[in-house]
Structures are given as C-alpha cells and as structure tokens.
Amino acid sequence: MNVSLKPGSLPEGERGRVSLDPLESPTLPSRYYIDEGIYRQEMEHIHRKSWCYVGHISDVPEAGSYFTDTVGEQPIVVVRGADDVIRCFYNVCSHRGHELLKGAGRLKAKGIVCPYHAWMYHLDGRLNVARLTENVRNFDKSQFSLKQINIAVAAGLIFLNLDPDCMPFEEGMRGFAENIEQFLPGAKDFIVAERLHYDIKANWKTVVDNFSEAYHIPIAHPQLSKVLEREMEELKAERRWTFNRFKSKEGFPGLELKRGSPYYAWQAWPNFCALSLPGSTNLIVLRMAPDGVSRCAERVDIYTPEGQTDNPKLHAVRDLFMHMFNIEDISIVESVQRGLASNGYDQGRYICDAEDSWFTEYQLHWLHMQVLEALEAGARFKA
Ligand code: FES
Ligand SMILES: [Fe+2]
C-alpha cells in the first residue's frame, strides 16, 4: 500500500487504533461517517483536492456544448470551446456572483451570458462584453475572466480537480485510461445511454465502502454470486485506482452468456466506481457525491458505443443493475449508516487474508487509508 501515514498518527476508537496492516486493524471509527466536522474536513481535503469524475467527452460533443455539476459543494460548468478544447470553470459570474448556466445544452454565438446583468463571456472564459462599464474607472476586462479549473480526460471520461496546485492526474492515475481501453476498446467514443440518480440516506463513504468489497456478494447478491467464478482473473492496484477482472459462469439472468464471459470492475479515489457487465458492451460508472454528512447523491452513467443504446442486452444489464444489485446495495448502505450512528457500534474488523483475495475487504482498508492520509495531510498543511 502506497500511503505516507505514520502509525502514530492513525485514529483510535473503542476497539483500538487503526493500523496500516489490514490483518491487524480495526475499521475506521464510526465518527468518520456521522461527524459534521470530519465531513467539512473531507470536503476541503478530499473532494476539493482530488481528481473527481464529472462526465464524458460525448456530453460536450461540439463547440458551445456544456453541462453543469456540483463537486465538493462547488458549482462548475464544463464547456467545449470554439477551438474544440474542453474546459471547466466555476459556474459563477465575475460581476456579482450569479450562477451562469443550468443543466446542460448548447450555447449560441453569444457565448456564456449571465442571467443577472448579462455579462457575456467567450467559451474560453474571457469576459467579452460587460454593459455600461465605459465610465467605470480602471475597469480591466481581462481581470474578470471566469475562474478555470483543471481537467483531465481518460478513456473519454472527464475528471476535474478544484485544487489549482493539484498533483497531475497522471501521477496517481497512471495506466487507468489504457486499462479501460484495453478491455473496452473505443471507450472514448462511447455515448451515454442512460443516467440514473439515487438519493441515498448514507454517507458517501458508506456507499463507496460497499462497492469496494466483495465479502458481501454471496449474502447480499445471491443471483450475482451464482454467476461469478470464485477465482479472480486479474487484480491491479495502483496509487489511486484498482481494477478487478472476473469471469462469469453461465446463466446470468436475462443474458445469454458463455461460460467465462468477462466482468470488470474499476475503482478510483475518491468516489469513482465502475463496472462492465457481460452480455453487451457497457461501462457503468457510479459516482457517490457527498450531499451532507449522512446523504449521498449517487449518479449512475451507463455508457455504450453509438448505435447500441437500444440493444435489448444493454437494457437487460440496466434492469439487472437497477432492479437488483443497486436496490440490494442501497438497502444495505442505508442500514449500515443507521448502525454507524448507533451508540452500540464504533469499530469492527477488516476481513482480509494474506493474499489480498478479491472476496475480502482489503480494498476497503486501502480506501480508508487514503481517507486518513488526505485528512492528515490537510491537518499537516494547516499546522
Ligand atoms: S452577476 Fe452576472 S452580470 Fe451581474
Ligand atoms: Fe453490492
């Protein structure tokens, strides 16, 4: 595990101090899931400092196409410029702070126009026209460009980082794009077939935690467990992302699969989870966006090659995901969140083995060490 934490700096709970060794460590104390102060720190040191997934290049197919979003409680807009460059800005006007754009769409020739006093911006963020400023002393338009945010594109997926001094995407995410493209060739040309939204009554980590471990699969997802072979085909763990390749048995309900059909899962720090189910070409991205300490706005984006959006097998995958796995998981994480808030619980144990087997909770520990590392680095920076 590639984290810089020192054992002495790890938090303690009722069952003891968290350890860098998953075989020895109690789990993250429950206050990390319910404490407003820790949530504020996460916002500052995780969601506003990490590379966060927001969408796909096909969401901005031509000059003027844009979409808005909220990351780390900050309103942002992603827009493709007249020069074909995709940029990201804070979605806020430089005049008096009105939000600029809503939803998604395509801008006309005027560029970005603020709905409050109609300041107009070029698609590259430069202020173009500001009404009645002729008499304003020392008014310099170039000082009022939109504030730009770093972006990175990997396998067609767009990530942004709100920290102007962030570590380059490639540093933590080396090999991520190549890995997706190796198993899903042409992923950068996929388009979104469907976007689903779930308002979950659980901390964002409770939801990501659940995705990160397969220990619960045989119990919570009996159908899924019947079709997953136990031996792992491949496991990759890099600084900020992991990849698991499984193979299926026959009989995935609703899909006619050959034995050994591949099933892929990716996870990237902090809240990107993705999978590709067998039976059709698909990349299902889940983003667990924090929405208060005990709520999570989960977005599920189903990507597929153009022309495949009406493929009945893709619909079968979507239905399986919506009506089975995700429903099963949402009920679990909401229950866990209520339990984490209970006085009857503080810390459990990570169920791991020396081989880091995929059906254990070693990835859960990996994730929690990154949470602690980010918060610790934030505290160090402030000191
Ligand atoms: S706040 Fe945007 S033009 Fe005034
Ligand atoms: Fe699950």
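So, how was this worked out
Residues numbered from 1 in each chain as written. Chains lettered and ligands numbered in written order. Predicted model: local features only at pLDDT ≥ 70, side-chain atom pairs only at ≥ 80, totals over all residues. Buried ≥ 20, exposed ≤ 12 C-beta atoms within 10 Å, placed from the backbone. Helix = DSSP H or I, 4+ residues; strand = E, 2+ residues; numbered from the N terminus. Pairing = 2+ DSSP bridges. Core = buried A, V, L, I, M, F, W, Y, C linked by C-beta atoms within 7 Å. Domains from an automatic or database assignment. Contact = placed C-beta atoms within 7 Å. Axes fitted to C-alpha atoms, helices over the stretch in contact; angles between N-to-C directions. Parallel < 35°, antiparallel > 145°, perpendicular 65-115°, else oblique. Left-handed = near helix turned anticlockwise from the far one by under 90°. Arc of directions from axis to C-beta.

1. What to know about the pairing of strand β16 (residues 262-268)
Thought 1: The element β16 is extensively covered by neighbouring structure, given that six of its seven residues are classed as buried.
Thought 2: Bridging between strand β15 (residues 241-247) and β16 involves seven bridges; their strand directions are antiparallel. The partner of Phe-246 across the bridge, within β16, is Tyr-263.
Thought 3: In this sheet, strand β17 (residues 272-276) lies alongside β16 in antiparallel orientation, the contact comprising five bridges. Directly across from Ala-265, in β17, lies its bridge partner Leu-275.
Thought 4: In sequence, β16 turns back onto β17 through a hairpin of three residues.

2. What about the sheet that holds strand β8 (residues 112-113)?
Thought 1: Across the sheet, three strands lie side by side as β8-β9-β10; this open sheet has antiparallel pairing. Strand pairing shows two members of the sheet lacking a second neighbour, β8 and β10 (127-129), which therefore form its edges.
Thought 2: Relative to β10, strand β9 (residues 120-121) runs antiparallel, the two being bridged by two bridges. Its bridge partner being in β10, Tyr-121 is matched across the sheet by Leu-127.

3. Focus on the nonpolar core
Thought 1: Counting 81 residues, the largest nonpolar core has Val-78, Phe-159, Leu-160, Ala-274 and Ile-284 as the members making the most contacts within it.
Thought 2: Of all the elements, strand β18 (residues 283-290) adds the most residues to this core, at six residues.
Thought 3: In this structure, this core is formed jointly by two domains, domain 1 (52-165) and domain 2 (175-364), each of which donates at least three residues.
Thought 4: Ignoring any residue separated from it by four or fewer positions in sequence, one finds Ala-274 in contact with Trp-266, Leu-283, Ile-284, Val-285 and Leu-286.
Thought 5: Ranked by size, the runner-up nonpolar core spans five residues in total, among them Val-18, Leu-28, Tyr-32 and Tyr-33.

4. Quick look at the packing of helix α5 (residues 204-212) against helix α8 (residues 312-340)
Thought 1: Contact pair α5 / α8: the axes reach a minimum separation of 9 Å and the direction vectors enclose 125°. In terms of axis orientation, α5 runs oblique to α8. Here the hand of the crossing between α5 and α8 comes out right-handed. Contacts between α5 and α8 involve Thr-206, Val-207 and Asn-210 from the first element and Asp-329, Ile-332, Val-333, Val-336, Gln-337 and Leu-340 from the second.

5. Considerations on helix α4 (residues 176-183)
Thought 1: Looking only at α4, the buried set comprises Phe-176, Asn-179 and Ile-180. End-on, the buried residues of α4 take up no more than an arc of 95°, which puts them together on one face. Turned more than 90 degrees away from the buried face of α4 sit Glu-178 and Gln-182, all of them exposed.
Thought 2: For α4, the secondary structure elements touched by its buried residues are β11 (148-154), α3 (169-173), β14 (234-237), β15 and β16.

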